[in-house]
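In case you want the letters, here they are:
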Amino acid sequence: MREKELRRSLAVFPIGTVMKLTDLTARQIRYYEEQELIHPERSEGNRRMYSLNDIDVLLEIKDYLSDGLNMAGIKRVYEMRKAEEKAAKEKLPLTDEDVRRIFYDEMLTQSGLNQTQPNPYQSQGPKL
């Protein structure tokens, strides 16, 4: 994690400061936490502490609500965002063999030739 991202994720703001920064009530902020849209950390005294990222999410929620989106729609937006991030992390890079196979197939397609011989770049199984 880069230093900027690390600093943005540090939970340093109490709910009173967040209320002033977002113009939301404490009840609204707690409701968004109940809906699992934000996840504030807890201090040793069990007080909610918010990060800049949490504040950004709260401001985004306010914008979505003012645009007419309901809570179910907002939850769906965040679910889709999480799914996209997960898919991006799980996406494996192409191997050299993958690139060769794609290139070979593309060359055949572009040249208009039919594949009469097996692809030399395609795995034929283990060589003994």
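Refer to the structure presented above.
Below is a short write-up of the structure.

Conventions we followed
Residues numbered from 1 in each chain as written. Predicted model: local features only at pLDDT ≥ 70, side-chain atom pairs only at ≥ 80, totals over all residues. Heavy atoms only, no water. Helix = DSSP H or I, 4+ residues; strand = E, 2+ residues; numbered from the N terminus. Buried < 20%, exposed > 50% of the residue type's maximum accessible area, 1.4 Å probe, protein only. Contact = heavy atoms within 4.5 Å. Areas by Shrake-Rupley, 256 points an atom, 1.4 Å probe, with all protein chains shown as cover. 1 Å grid on protein atoms, 1.4 Å probe; cavity = no way out; pocket = protein on both sides within 12 Å on 5 of 7 lines; lining within 4 Å. Points joined across faces, edges and corners; volume = space filled by probe spheres on them. Nonpolar A, V, L, I, M, F, W, Y, C, P; charged D, E, K, R; others polar. Pairing = 2+ DSSP bridges. Phe/Tyr/Trp six-rings, centres within 6.5 Å; stacked < 30°, edge-to-face > 60°. Patch = residues over 30% accessible without salt bridge, like charges linked within 9 Å, V, L, I, M, F, W, Y side chains within 5 Å. Salt bridge = Lys/Arg side-chain N within 4 Å of Asp/Glu carboxyl O.

### Here's the deal with the overall build of the protein
- Regarding its fold elements, the protein presents six helices and three strands.
- Secondary structure elements of the protein occur, N-terminal to C-terminal, as α-β-α-α-β-β-α-α-α.
- Buried residues in the protein amount to 20% of all 128 residues.
- Of all intrachain contacts in the protein linking residues separated by at least 6 positions in sequence, the fraction that spans at least 24 positions is 49%.
- Taken as a whole, the protein presents about 10,300 Å² of accessible surface, with 52% of it coming from carbon and sulfur.

### Brief notes about the layout of surface pockets
- In this model, the largest pocket occupies a volume close to 480 Å³.
- When contributions to the lining of the largest pocket are tallied by element, the ones reaching two or more residues are helix H4 (52-66) and helix H5 (71-90).
- In terms of residue count, H5 provides more of the lining of the largest pocket than any other element does, six residues in total.
- When its residues are assigned to classes, the lining of the largest pocket shows four nonpolar, two polar and eight charged.

### Section: the sheet that holds strand S1 (residues 13-14)
- Reading across from one edge, S1-S3-S2 is the order of the three strands in this open sheet, with antiparallel pairing throughout. Lying at the two open borders of the sheet, with one neighbouring strand each, are S1 and strand S2 (41-42).
- Note that S2 and strand S3 (residues 48-50) share two bridges and pair antiparallel. The residue bridging arginine 42 from the neighbouring strand is arginine 48, located in S3.

### Section: the environment of glutamine 35
- The topology assignment puts glutamine 35 in the loop between helix H3 (26-34) and S2.
- For glutamine 35, the contacting residues outside a window of four places in its chain are Met71 and Lys75.

### Focus on the packing of aromatic side chains
- Counting across every chain of the model gives two aromatic pairs.
- Ring centres of tyrosine 64 and tyrosine 78 lie 6.3 Å apart, and the angle between their planes is 80 degrees; on these two criteria the pair is classed as edge-to-face. Here the residue tyrosine 64 occupies a position in helix H4, and tyrosine 78 occupies one in helix H5, the gap between them amounting to 14 residues.

### A few points about a nonpolar patch on the surface
- On the surface, a cluster of nonpolar side chains totalling about 270 Å² of accessible area is made up of Leu94, Val99 and Ile102.
- Relative to the assigned elements, leucine 94 resides in the loop between H5 and helix H6 (96-111).

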